[in-house]
Amino acid sequence: MKALQTGLRSRLALLMVPVLMLAGCSSSDDGGGNPDVTQKPNILFIVLDDFGLDQMTSYGYGGQLPPKTPNLTAIAKAGLQFRSAWSMPTCTPTRATFFTGRYPSATNILNAVVSTDLANSEISPYELTLPKLLHTQGYVNALIGKMHLTGTDMGTAPNLPYGYQTMWKLGWDYFDGYLDGAPFPIDTRAGRSNVAEGTYKCGYVSNTTMDPANGADTGACYDVSGGCELIARGPDTVTPGRTCMERGGIFDPGQSCQASRPTYLDFTAQNGYYTGEFVQSWADGRTQKVGAEDPSARGYRSTMETDRAIAWVRQQSPDTPWMMSLGYSAIHAPLQVPPVSLVSESTIGRNDNLICSPASDLEGVPGQITGLVDDHLVTNLMVEAMDTEIGRLLVEIGLATWNEDGTLNYQPEKTNTVVVVMGDNGTYVNSVKFTSPGQFDPARAKGFPYQTGVSVPLLVAGPMVERPGREITYQVSSPDLYRLFADIAGADVEANVPADRPLDAQPMLAYLTTPEQGAIRSLNFTEMGTNFTNPSMSTTPQPCVVEAAEVCFTIFPQKALCDDQSGIWYGAGSGLTGVPAEGFGQCGQVMSYRKSLDPNDVVDVLPDSQKAVSDGIYKLVRLNRKMYTTDLANPINSTYIENQNTDELYKIDMAVPNPTLDRAGDAIAVGSPTITAGLPPEAQQSYDTMRAEMDERDQVAEYNYQYDTVHCTGDGNRDGVVDQTDLALWTELSQLNLNNGVAQSSWYDLNHDGLTDETDKALIEANLGNTCALTPA
C-alpha cells in the first residue's frame with residue numbers, strides 16, 4: 001500500500017498553482033500541534049455519488065465481497081458515524097437540501113434536473129444559500145467536482161439563465177466542476193473515429209488476451225498536446241491501451257508514432273470517467289469552460305477532482321476560514337474501471353481480464369448474472385480508487401500523514417478543519433451490495449424512498465468532536481447539514497432566515513460536542529417528485545425501463561441517457577419490434593407492450609410523488625402514481641385513468657449485519673389512499689403520528705408547487721410581496737439566455753411556459769402590491 005501511495009504524489013504540476021499554505025494548520029497553535037481555538041474552523045465537505053450505506057464495512061455492511069475503504073474507515077474512527085442518516089432518493093434534491101436547508105417540496109427541486117426541466121426546479125439565486133450565509137462570517141467558499149444543482153450547459157440547456165456564472169450567483173467564490181449530472185457515456189470507440197461503436201466496451205483498446213479480434217499488445221499512445229510514445233505489453237503494462245487512457249492519451253493499436261497525429265484520433269470525444277467538461281467561475285464573475293481537448297480535463301475523474309480540490313485549498317490564506325464542497329463523480333454510472341495505480345494488487349478485477357472482455361459471460365452462467373458480477377467488481381474498484389484519492393486529499397492539504405505501512409494517520413483534534421462525508425442517495429441498482437437474509441434491495445434503491453434508496457453514510461470528524469469513535473443512532477436528514485455547517489461557522493440562522501419561511505434543517509452540532517445528547521429529530525423525512533417540465537422544448541422525455549429496478553419512467557429526452565442507466569429505451573429510435581418508430585409517449589403504453597410479451601412482467605410506473613416518514617422504528621411510505629388502462633392488442637391505445645395514493649407501513653431496524661428493511665412484501669399494512677385496517681396499538685400510534693406529518697408535507701408540497709401560478713403570481717424572488725424588485729429582476733432575466741430574441745426559462749417564468757417574456761411582466765404588473773403567505777396556513 002505504501003508503494004501505491006507513493007505513486008500518487010501529484011499531478012498538481014499540471015494545474016500550476018502556487019502553494020501558499022496547508023489547510024490543516026491554523027494560523028497559529030500552542031506549539032504542541034493543537035489548533036488555535038480562536039480561528040474559525042475550516043470545513044471540508046465531501047459528497048459521494050450514488051453511495052449508500054450498503055457499501056460501507058465500517059457500518060458492518062459491504063456484502064460478501066466489500067470494497068476496500070481504509071481511508072473512509074479512518075475518518076469514521078477518528079470522528080462520528082451516523083447510522084440513521086437519510087438523503088433524498090435522488091441526487092439534485094439531496095444536494096439542494098445541503099445548501100438551502102429546505103426539503104425538495106419547499107424549493108420545487110423534486111428530481112434530478114435534466115435539460116427539459118424549467119429553471120423553476122433549480123436552486124433560486126434569491127435563496128439564502130449556505131455559501132451566502134457563511135459569507136456573513138468571513139468564509140470563502142469553493143465548489144469542486146460534481147454537484148448537479150442546475151441545468152447542463154449554456155447553449156444546450158434552456159434552463160440555465162446565468163450560464164457559467166450560475167454557481168457564482170448562488171454564492172460560491174470559486175467553482176471548478178461539472179454542470180453535468182454524471183460522467184459522459186463510455187466512448188466504446190476508444191477515441192478512434194474509424195472504428196464502430198461498441199468495439200471497446202470499457203473505453204480503451206483491450207489486449208489480445210481479452211479481445212483476440214480487436215485487441216493489441218503494442219501501439220502508439222498520443223497525448224492531447226501532440227506528443228507520442230510507443231507502449232508495449234510487458235510485466236508492468238498488462239494492457240497498453242488502458243495505460244494510455246490512464247495517462248489521458250488515445251491509443252492507436254499496432255501502429256508506431258507518426259510525425260503528425262492521425263486525423264481519426266478524436267480528442268474532443270468524452271469517455272466516461274477519463275474525461276470531463278469543467279466549468280470554472282471566480283469571485284469577480286469571470287468564467288471559462290475546459291473540455292476534453294484540454295490536458296487538465298483528461299485523466300481519471302476521482303484524481304482530477306482531488307487535484308483541483310488540493311490546488312484550491314493550497315491557495316487560501318491562513319487568516320481566512322474556508323468551506324470547500326467536493327463532489328466526487330464516483331460511483332455514478334457509467335461504471336468504468338479506474339487506473340490500476342489507485343487499486344491495491346490484491347483487489348479482484350484490478351487487471352480486468354474478464355470484466356472488459358467482449359465475451360465476458362462465464363460458461364454455463366446466464367449473462368444477467370455475469371453482468372451483475374462485473375458491475376459489483378467494477379463498483380468495488382471505483383470505490384477503492386475514490387477512497388485512495390480521499391486519503392491523498394487529506395494528506396496533501398495537511399490534515400493527515402501516511403504511516404509507514406501506508407495507512408492513514410488522521411488526528412483531527414490536531415487540525416482546525418471539520419471533515420464531513422455523506423452520500424447523496426442510495427446505491428444504484430446493480431451496484432447494491434447483498435447481505436443475507438435482510439438484503440439491501442436493488443429494486444428499491446436510488447430513486448425510491450425505501451431504506452436502500454435513502455440510507456447513506458454520514459461521517460463527521462474535527463477538533464470539536466468529543467469522544468471520537470462514537471456511532472450516533474439518532475435520525476438526521478440531509479438538510480440538517482446546512483444547520484450543522486452554519487453552527488460550526490458561528491452564523492446566526494434565525495437572524496438571517498425569514499421567520500415566516502423557516503428552514504426544515506434541524507440542529508445537530510450537539511451530537512459532536514455533547515456525547516450525552518439525546519435525539520433531536522423525532523421524525524425523519526425524505527421525498528422526491530416531478531420537476532416542472534418545459535412545454536416549449538422540441539424534444540420531450542420518453543419512456544425508459546430499468547428492469548433491475550422494475551420501473552418505467554419518462555425523465556430522459558435521449559436514448560443515450562437511458563442506456564447510461566442500464567435502461568431499455570422505448571422512445572424514438574428504440575429499434576424494438578412492435579414499438580412505433582416515434583416511440584411510446586408514456587409508461588402505460590410500455591407496460592401494455594411488455595405484458596403483451598410476458599403476462600407476468602412486473603415493471604410498474606415510477607410514482608409522480610414519493611415520500612417517507614420514520615420515527616426510527618416504524619416507517620410510512622406514501623406513493624402517488626399514474627394509473628393506465630391496459631391494451632395488450634394495441635399498446636399505443638393505453639390511456640391515463642387517474643393518480644392513486646398508497647400508504648405502506650413498515651417496521652425497520654438497521655441492525656448489523658442483516659438489517660430489517662422495507663422490502664417488497666414486508667409491509668405491516670398497505671392501504672389506498674390510506675391504511676384503514678386495524679393495527680396493533682403501538683403501530684397504530686406511530687402511523688397516526690407519521691400520517692399527520694405526511695399530510696402536512698403534502699399540503700406544503702401542493703402550496704409550493706402552485707406558488708407562482710395560484711398563491712402569489714409575480715413574486716419570483718419568493719419574498720412574500722409583488723413589487724418593483726420583481727419587475728427589476730424580471731427585466732434582468734428577460735435579457736439573458738436568449739433564443740430568437742426571447743429569454744428562456746428562469747425564476748420569473750411565472751406561467752411555466754419555458755419563456756421569460758412580456759406575458760410574465762404583465763403578470764407582475766397585474767399583481768403589484770400583493771402580499772402573500774410564504775407557507776400554507
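Residues numbered from 1 in each chain as written. Predicted model: local features only at pLDDT ≥ 70, side-chain atom pairs only at ≥ 80, totals over all residues. Heavy atoms only, no water.

1. Quick notes on the overall build of the protein chain
Within the protein chain one finds 19 helices and 27 strands. Counting only C-alpha atoms, the protein chain reaches 80 × 70 × 60 Å along its principal axes. Within the protein chain, the proportion of its 777 residues that are buried is 60%. In the protein chain, once contacts between residues fewer than 6 apart in sequence are set aside, the share between residues at least 24 apart is 72%. Surface summary for the protein chain: the accessible area is close to 28,200 Å², and the carbon and sulfur share equals 51%. (Helix = DSSP H or I, 4+ residues; strand = E, 2+ residues; numbered from the N terminus. Buried < 20%, exposed > 50% of the residue type's maximum accessible area, 1.4 Å probe, protein only. Contact = heavy atoms within 4.5 Å. Areas by Shrake-Rupley, 256 points an atom, 1.4 Å probe, with all protein chains shown as cover.)

2. Description of the state of the cysteines
Two cysteines, two sulfur atoms, one covalent bond between them: this is a disulfide. Applying the stated criterion across every chain, the model contains five disulfides. A sulfur-sulfur separation of 2.1 Å characterises the disulfide bridge that pairs Cys544 with Cys562. Disulfide Cys544-Cys562: the torsion about the S-S bond is 80°, which places it as right-handed. You can see Cys544 sitting in strand β17 (residues 544–546) and its partner Cys562 sitting in helix α14 (residues 559–564), a full 18 residues away along the chain. You can see Cys91 has no disulfide; the closest cysteine sulfur is in Cys544, sitting 15 Å from it. Given the relative accessible area of 3%, Cys91 is considered buried. (Disulfide = S-S within 2.5 Å.)

3. Some remarks on empty space enclosed by the protein
Over the atoms, a rolled probe matching the size of one water molecule traces out where space is still vacant. Under the defined criterion, the tally for this structure stands at three cavities of 30 Å³ or more. Of the volumes computed, that of the largest cavity is approximately 140 Å³. What lines the largest cavity is a set of 19 residues, among which Met245, Gly249, Ile250, Asn271 and Arg298 lie closest to the centre. Put simply, the parts of the chain that give the lining of the largest cavity at least two residues each are α7 (240–246) and β7 (250–253). By residue number, the principal contributor to the lining of the largest cavity is α7, which donates three residues. Per-class residue counts for the lining of the largest cavity are nine nonpolar, seven polar and three charged. (1 Å grid on protein atoms, 1.4 Å probe; cavity = no way out; pocket = protein on both sides within 12 Å on 5 of 7 lines; lining within 4 Å. Points joined across faces, edges and corners; volume = space filled by probe spheres on them. Nonpolar A, V, L, I, M, F, W, Y, C, P; charged D, E, K, R; others polar.)

4. Let's talk about the layout of surface pockets
Roughly 970 Å³ of internal volume is contained in the second largest pocket. Lining the second largest pocket are 39 residues, with Val114, Gly181, Phe556, Leu561 and Gln565 sitting closest to its centre. Taken together, the elements giving at least two residues each to the lining of the second largest pocket come down to β18 (551–553) and α14. Here the element with the most residues in the lining of the second largest pocket is α14; it accounts for three residues. Here the residues of the lining of the second largest pocket are counted per class, giving 22 nonpolar, twelve polar and five charged.

5. Observations regarding the pairing of strand β14 (residues 458–461)
Successive residues of a regular strand alternate their side chains across the two faces of the sheet. Judged by which residues are buried, β14 turns out to be covered on both faces: Leu458 and Val460 on one side and Leu459 and Ala461 on the other are all buried. In this structure, strand β2 (residues 80–86) lies alongside β14, joined through three bridges in antiparallel fashion. Bridge pairing links Phe82 to Leu458 in β14. When strand β13 (residues 417–423) meets β14, the two strands line up antiparallel, connected through four bridges. In the strand pairing of β14, Val419 is matched with Ala461. (Pairing = 2+ DSSP bridges.)

6. Notes on helix α2 (residues 70–78)
Where burial is concerned, most of α2 is hidden: seven out of the nine residues are buried. Residues of α2 that are buried: Asn71, Leu72, Thr73, Ala74, Ile75, Ala76 and Ala78.

7. Quick look at the sheet that holds β2
The sheet built from ten strands is open, its strands ordered β9-β8-β4-β3-β10-β1-β13-β14-β2-β15 with mixed pairing. With one partner strand each, in any of the chains shown, β9 (287–290) and β15 (470–477) form the two edges of the open sheet. Pairwise comparison of adjacent strand axes, ignoring direction, gives a mean angle of 15° for this sheet. Contacting β3 (140–146), β4 (174–178), β8 (278–281) and β10 (322–327), helix α8 (residues 301–314) runs over the sheet at an angle of about 175° to β10. (Axes fitted to C-alpha atoms, helices over the stretch in contact; angles between N-to-C directions.)

8. So, the pattern of salt bridges
Counted according to the given criterion, the structure contains 37 salt bridges. A salt bridge links Arg95 to Asp424, with the nearest nitrogen and oxygen atoms 3.0 Å apart. Here Arg95 is found in helix α3 (residues 91–100), whereas its partner Asp424 is found in the loop between β13 and α10 (451–454), with 329 residues between them in sequence. For Arg95, a relative accessible area of 0% gives the class buried. Accessibility expressed as a relative area gives 0% for Asp424, which makes it buried. Put simply, Glu246 and Arg242 hold a salt bridge, and the shortest N to O gap is 3.0 Å. Of this pair, Glu246 and Arg242 both sit in helix α7, separated by four residues, roughly a single helical turn. Take Glu246 and Arg242: they sit in the same class, and that class is buried. Bridged by salt links that share partners, the residues Lys611, Arg622, Asp647, Arg691, Asp695 and Asp698 form one connected network. (Salt bridge = Lys/Arg side-chain N within 4 Å of Asp/Glu carboxyl O.)

9. Thoughts on the environment of Cys712
By the element assignment, Cys712 lies in the loop between α17 (707–711) and α18 (724–733). By relative accessible area, which is 2% here, Cys712 ends up buried. For Cys712, the contacting residues outside a window of four places in its chain are Tyr707, Val722 and Cys772.

10. Here we look at the side chain of Ser325
Here Ser325 is to be found in strand β10. Classification of Ser325 as buried rests on a relative accessible area of 1%. Residues contacting Ser325, with those up to four places away along its chain left out, are Phe45, Phe99, Ala142, Leu143, Ile144 and Met147.

11. Side note on the nonpolar core
Side chains of nonpolar character tend, in soluble globular proteins, to be buried together. Formed by 65 residues in total, the largest nonpolar core has its most connected members in Leu44, Leu48, Met324, Leu393 and Tyr410. Not counting residues up to four positions away in its chain, the partners in contact with Leu393 are Leu44, Ile46, Thr306, Ala309, Ile310, Leu326 and Tyr328. Counting residues in each nonpolar core, the second largest holds 51 residues, with Leu179, Tyr482, Ala486 and Ala505 among its members. (Core = buried A, V, L, I, M, F, W, Y, C linked by side-chain atoms within 4.5 Å.)

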